[in-house]
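Coordinate inspection notes
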Amino acid sequence: MLQEILGFSRHHLENGLKVLILQDHTLPILSYQVHFAVGSRHERPGITGISHLFEHMMFRGSKRLGPEEFSRIIQANGGNLNAFTTLDHTTYFENLPADKLELAVSLEAERLSNLLLTEENLETEREVVRSERKMRVVNSPFGLLIEKLYALAYERHPYRWPIIGWDQDIRRLTISDCKEYYRRGYAPNNAVVVVVGDVREEEVLKLISKYYGHLPSQPPPEDTPLEEPPQRGEKRAVFKKVAQLEAFFAGFHVPGITHEDVYPLLALAHILSEGKSSRFWRRFVKGGEAVEVKVKVDPLPFWPKDPALLIVYGIASPGTDLEGLEERVWEEIERVKDQGVTEEEATKAKKGLRSSFISGLETAFFRGLLGGIYEIKTGGFERAHGILEGFDGITPEEIRRVARTYLREENRTVVVLRPVSPEENEVLGPVE
Amino acid sequence: MKGFPLRAEDVGRRELDNGAVVLAIEYPKLSLLKVHLMVKRGAERDPQGQEGLADLTAEGITLGTEGRGSEEITLAVERLGAKLSASSRWDASFLTLAGLMEDAPRLLEILADITLHPTFPREEIREALKRKISRLLQLRDEPEVVADEIINGIVMEGTPYAHPTYGTLRSLKALPLEAPSRFWGENYLPQETVLLLIGSRPKEELLSLGEEALGEWEGQSSSSADLPHPRLPGSRRVLLVDRPDLTQSQIRVGLVGIERRDERYLPFLIMNYIFGGGGFSSRLMMRVRASKGYTYGIRSTFQALRTPGPFLISTFSPTATTPQALEEILRVMEEMAKEGVTEKELEEAKNYWRGSFPLQLETPAQVARRVLELELYGLPFEDLSLFPERVAGVRKEEVDELAAEFIRADRAQIVILGKAEEMEPSLRGLGKVEVRSFREVIDVPQ
């Protein structure tokens, strides 16, 4: 089924640009996406957050376009657009009426060729990103906790710093950092263009050659991150902030996207905490002991390229002792390791994973993301064809095996949120 | 693969003898079935002191029927890989069941069972209330949510739309366990109910499935509620709510907008796009973010209800730049009200709404939202087909008049949540400032 629905054709320009095309004449629309193989994994301490800040700079104008004019033009042509930065890649996209193909190609190529990187633009965007960081992390209930968790769980691998970067690094990034980043990371041989929708293949290729053909290739950014050594004992930390409720966030190291254990791990997460028939919901949430107890993993295709963290978190209800809650959550996990899961639970998880994945296929946009992100992270979109088979192959034995392999105490990092009053908070010093 | 319908005639409609309406749309692309049950009674029906009751009732019907306990319902749904959700918003309550087309008979049997025969078991309701109270307590740590609650309460004061749809700590703690059953009896009536099915079968077949599900429901008489309209106070006020631990303030500027049936709905949509709804095409975003860098995001939104609803500007800014951000917002408001929009802005806004029309109806969820909204407010499905054409016909004078009438900087109700001490002096010039502690404004335990 996926061979057809995700039946992209792949093409290469001489400068190394890859192009994936998927024709779908269902609706007169198209999704145009450019995925660059640069993310926070390509950063180093001192310039953390540059991938994300740079994503902002891509909207600040070029030779032909004023600041944010890119967005204005796309919208004025009936389109929507955005971009996002992840651990492994940076993605730009616009969804448009099908007759606006040339507009999308020309605008994306324009900012890839002629981006305007000025001090003035950098200063504005630096403040915008610092505001974004305050919104997403500093003033959000658990943002700083999750940052702490990653920083503690990873000791060597670049996944240990946040995608948005440390505030101090955001403050000192320079325009020459940005220029160097642009030159290497935003080269045609480091990008995949994806076009999905009511388009003709020859037309797409003709336009892409016309607008991107002249761009020179570059030596790509280095991508040999330090490997994370196996964790050999639990790590714990406490974080204090103003809050109504206590909580814990725990991370377990699990493999990256191409590993076959990803499927049983997704099923395990489903069985433990997806929906009201899940084990965590029934034991902790239904009766009101916890506000939430969940297993968080990134769905496909967003699961990270390198070994990732599977996060288990619990937010205690008022009157619930957090230590006790945490202990009972580990008890539930031990139960899976000792006794496994039932055939019925496995079937339910498989069906649930299958139907949410199929729902995603409704949009041209998501199909494009699947193709582009698999191409960048796994070397070929063809791997995405195996997703439904991956779900079908899940068995109760496999689920138990991955629980025993990865959800071990030695492989666990825990950060606990201890609420403090505003007065105590003052004494603890500023957060950034 | 065949595409999605965009025209009125693609929506099948059947009115049953008991007054319920069944709608059906064929979505042949994937073998999915999405069923939306809408009861045209929402949180505006919450009795005073029992805020959150409509929402609790919506969840409550999924917690037990004459033939099934809550676990059985959950298992029956999740065994099919389906998802069931229920909630109450303004003007309506919704139950959504999404699964695979092959499971249609079972999914609809479950839906009919919970809609027609809920029993609201006391223990289940007690637990549901406890969950809602804990969740609400956790929401007190989300500054955006708290700021939204405060501004909504101010703008909609004196109307049944002034409280959070999920209730308050005080109201939830006081709710009697039998209240949902009574609310259901009075409000879940076939003549107030619309069932929409979107699936990969012909619409006639879907209509019959829907009819079978709700056909045996017996109707009873119902009364309509009298809904007073909100009245914006005559002068500008700033309510500064102190949260000394926040490094960034939440900023809300509150006004009153229009009702959904207002003939000026489309010009209002376009006016709002230019003002603050259109991302980087909007004046607020270009001025407050792109040229000043005061914030990561700013937007204006309006909720068109059975009565005029809130018309809000929402943003956030680090403590040090909050007063400047607010000043800039007020300047943009004054300019837009006085000078109106430019021809170019109008053209681009119209092109956006016209051009993006197919993209806005790409998925079953998007189509469902649009169709149910029309049905809820008694608007014809022709609006679907005519939307692009009507957008094209919007005139500059209409948009300018709306800007002048609704963007009232002089009567703006402003809420700022953040470090009061640092900001108060600089805010004094912008209107009458009242400083309140967080606990005075928001109900939290000591």
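Because the structure is predicted, anything quoted here is derived from the model rather than measured. (Residues numbered from 1 in each chain as written. Chains lettered and ligands numbered in written order. Predicted model: local features only at pLDDT ≥ 70, side-chain atom pairs only at ≥ 80, totals over all residues.)

1. Comments concerning the overall build of chain A
How we decide: The secondary structure listing takes helices from DSSP runs of H or I that are at least 4 residues long and strands from runs of E that are at least 2 residues long, numbered from the N terminus. As defined in this context, the radius of gyration uses C-alpha atoms, and a globule is described by 2.2 Å times the residue total to the power 0.38. Each residue is classified by how many other C-beta atoms fall within 10 Å of its C-beta atom, where C-beta atoms are placed from the backbone; a count of 20 or more means buried, 12 or fewer means exposed, and values in between mean partly exposed.
Broken down by element type, chain A carries 17 helices and eleven strands. Taken against the 2.2 N^0.38 rule, which gives 22 Å for 432 residues, the C-alpha radius of gyration of chain A at 23 Å falls within 12% of a compact globule. Dimensions along the principal axes, computed over C-alpha positions, put chain A at roughly 65 × 55 × 40 Å. Of all 432 residues assigned to chain A, the portion counted as buried reaches 52%.

2. Digging into the overall build of chain B
In plain terms, the rule: With C-beta atoms placed from the backbone, a contact is any residue pair whose C-beta atoms sit within 7 Å.
A count of helices and strands for chain B gives 18 helices and twelve strands. Here the C-alpha atoms of chain B give a radius of gyration of 23 Å, agreeing with the 22 Å that 2.2 N^0.38 yields for 446 residues. Considering only C-alpha atoms, chain B reaches an extent of 65 × 55 × 40 Å along its principal axes. Counting the 446 residues in chain B, one finds 51% classified as buried. Contacts spanning at least 24 positions in sequence make up 82% of the contacts within chain B whose residues lie at least 6 apart.

3. Quick look at helix α8 (residues 175-185) of chain A
Residues and elements named next belong to chain A. For clarity, the threshold we go by: This arc describes the spread of directions from the helix axis toward the C-beta atoms.
Of the positions making up α8, those classed as buried are Cys-178, Tyr-181 and Gly-185. In an axial view of α8, the angular spread of the buried residues amounts to 65 degrees, which keeps them on one side of the axis. Turned more than 90 degrees off the buried face of α8, the exposed positions are Ser-176, Lys-179 and Arg-183. Buried positions along α8 lie against β3 (29-36), α2 (50-57) and α5 (119-138).

4. So, the sheet that holds strand β2 (residues 18-23) of chain A
All names here are of chain A. Here is the rule: Think of it this way: DSSP has to see at least two bridges between two strands before they count as a pair. To obtain an axis, a line is fitted to C-alpha atoms, over the contacting stretch when the element is a helix, and the angle between two such axes runs from 0 to 180 degrees between their N-to-C directions.
Spatial strand order, β1-β2-β6-β3-β5-β4: six strands in an open sheet with mixed pairing. Single-partner strands in this sheet number two, and they are β1 (9-12) and β4 (80-85). Each adjacent strand pair in this sheet contributes to an overall mean axis angle of 15 degrees, direction not counted. The pairing of β3 with strand β6 (residues 191-197) spans seven bridges and is antiparallel. Across the sheet, Val-34 pairs through a bridge with Val-193, a residue of β6.

5. Quick word on the domain arrangement of chain A
Residue and element names in this part refer to chain A. Where we set the bar: The domain limits used here are those given by an automatic or database domain assignment. When residues are grouped by polarity, Ala, Val, Leu, Ile, Met, Phe, Trp, Tyr, Cys and Pro land in nonpolar, Asp, Glu, Lys and Arg in charged, and all others, Gly among them, in polar.
Taken as a whole, chain A is organised into domain 1 (2-212) and domain 2 (235-427). Of note, the centres of domain 1 and domain 2, computed from C-alpha atoms alone, are 27 Å apart. Taken residue by residue, the interface counts 37 residues in domain 1 and 34 residues in domain 2. Residue assignment for the side of domain 1 that touches domain 2 shows that the elements contributing at least two residues are α1 (2-5), β2, β3, β5 (90-97), α6 (143-153) and β6. Here the side of domain 1 that touches domain 2 takes eight residues from α6, the largest share from any one element. When its residues are assigned to classes, the side of domain 1 that touches domain 2 shows 24 nonpolar, nine polar and four charged.

6. What about the pairing of strand β3 (residues 32-39) of chain B?
Residue and element names in this part refer to chain B. Among the eight residues that make up β3, eight are buried, leaving the element largely enclosed by the rest of the structure. Side-chain alternation along β3 places Leu-32, Lys-34, His-36 and Met-38 on one buried face and Leu-33, Val-35, Leu-37 and Val-39 on a second face that is also buried. Here β3 runs beside strand β5 (residues 93-100); their pairing, made up of eight bridges, is antiparallel. Counted as the bridge partner of His-36 is Thr-96 from β5. Two elements, β3 and strand β6 (residues 193-199), share seven bridges in a ladder whose sense is antiparallel.

7. A word on the domain arrangement of chain B
Residue and element names in this part refer to chain B. Looking at the assigned domains, one finds that chain B contains domain 1 (8-214) and domain 2 (237-441). On a C-alpha basis, the centroid separation for the pair domain 1 and domain 2 is 29 Å. Domain 1 puts 28 residues into the contact, and the matching count from domain 2 is 28 residues. At the level of elements, β2 (21-26), β3, α5 (143-155) and β6 are the ones that each hand at least two residues to the side of domain 1 that touches domain 2. Its residues placed into classes, the side of domain 1 that touches domain 2 shows 21 nonpolar, three polar and four charged.

8. What about the sheet that holds strand β9 (residues 298-302) of chain B?
Pairing in this open sheet of six strands is mixed, and the strands run β9-β10-β8-β11-β7-β12 (chain B) from one edge to the other. Of all the strands in the sheet, just β9 and β12 (432-437) of chain B have a single pairing partner and so form its edges. Averaged over neighbouring strand pairs, the angle between their axes works out to 20 degrees when direction is ignored. Of the pairings in the sheet, the one linking strand β8 (residues 248-256) of chain B to strand β10 (residues 310-318) of chain B comprises nine bridges and is antiparallel in character. Counted as the bridge partner of Val-256 of chain B is Pro-310 of chain B from β10 of chain B. Taken strand by strand, α5 of chain A contacts β8 and β10 of chain B, and its axis lies near 105 degrees from that of β10 of chain B.

9. Examining the interface of chain A and chain B
With 55 residues of chain A at the interface, the matching set in chain B holds 56 residues. Looking at the side of chain A that touches chain B, the elements that each hand over two or more residues are α3 (69-76), β5, α5, α13 (343-360) and α17 (422-427) of chain A. The element that contributes the greatest number of residues to the side of chain A that touches chain B is α5 of chain A, accounting for eight residues. Residues of the side of chain A that touches chain B, tallied by class, amount to 21 nonpolar, 22 polar and twelve charged.

10. Some details on the packing of helix α12 (residues 343-355) of chain B against helix α15 (residues 382-392) of chain B
Residues and elements named next belong to chain B. Where we set the bar: Throughout, the term roughly parallel applies to angles under 35 degrees, roughly antiparallel to angles over 145, roughly perpendicular to angles from 65 to 115, and oblique to all others.
Their axes nearest at 9 Å, the elements α12 and α15 cross at an angle of 170 degrees. In terms of their interaxial angle, α12 and α15 are classed as roughly antiparallel. On α15, the residues touching Lys-350, Trp-353 and Arg-354 of α12 are Pro-388, Val-391 and Ala-392.

11. Some remarks on the nonpolar core
Quick reminder of the rule: As used here, a nonpolar core is made of buried Ala, Val, Leu, Ile, Met, Phe, Trp, Tyr and Cys residues. They are joined through C-beta atoms within 7 Å.
One finds Phe-249 and Ala-267 of chain A together with Val-415 of chain B to be the most contacted residues of the largest nonpolar core, which totals 196 residues. Here this core gets nine residues from one element, more than from any other, and that element is helix α10 (residues 262-273) of chain A. For Phe-249 of chain A, the contacting residues outside a window of four places in its chain are Phe-142, Leu-145, Ile-146, Leu-149, Ile-311, Tyr-313 and Val-415 of chain A. Counting residues in hydrophobic clusters, the runner-up holds 66 residues, among them Leu-37, Leu-100, Ile-125 and Leu-136 of chain B.

12. What to know about the environment of Ala-76 of chain B
Residue and element names in this part refer to chain B. For Ala-76, the location among the structural elements is in helix α2 (residues 70-78). Taking the C-beta count within 10 Å as the criterion, Ala-76 has 19 such neighbours and is therefore assigned partly exposed. For the pair formed by Ala-76 and Leu-107, sequence separation is 31 residues and the distance between their alpha carbons is 8.6 Å.

13. A short note on unusual backbone geometry
The residue after Leu-300 of chain A, namely Pro-301 of chain A, is reached through a cis peptide bond having omega 10 degrees. Its place among the elements puts Pro-301 of chain A in the loop between β9 (290-296) and β10 (308-316). The phi dihedral of Asp-91 of chain B is positive, around 75 degrees, even though this residue is not glycine. In the Ramachandran plot, Phe-120 of chain B falls in the positive-phi region, its phi being about 45 degrees despite a non-glycine side chain. For Phe-120 of chain B, the location among the structural elements is in the loop between α3 (104-116) and α4 (122-139).

14. Comments concerning the pairing of β3 of chain A
Residues and elements named next belong to chain A. Of all the eight residues making up β3, eight are buried; the element is thus mostly covered by neighbouring parts of the structure. By the alternation rule, side chains of β3 split into Ile-29, Ser-31, Gln-33 and His-35 and Leu-30, Tyr-32, Val-34 and Phe-36, which are all buried. Note: β3 against β5, eight bridges, orientation antiparallel. The residue bridging Val-34 from the neighbouring strand is Tyr-92, located in β5.

15. Some words on the packing of α5 of chain A against α6 of chain A
All names here are of chain A. α6 packs onto α5 with a crossing angle of 85 degrees between their chain directions and a minimal axis gap of 7 Å. Comparing their axes, α6 and α5 come out roughly perpendicular. Where α5 approaches α6, its residues Arg-136, Val-137 and Val-138 are matched on the opposing element by Gly-143, Leu-144 and Glu-147.

16. Comments concerning α2 of chain A
All names here are of chain A. Among the eight residues of α2, seven are classified as buried, and the element is accordingly described as predominantly covered. Among all positions of α2, only Ile-50, Ser-51, His-52, Leu-53, Phe-54, Glu-55 and Met-57 are buried. Buried positions along α2 lie against β4, β5, α5, α7 (167-172) and α8.

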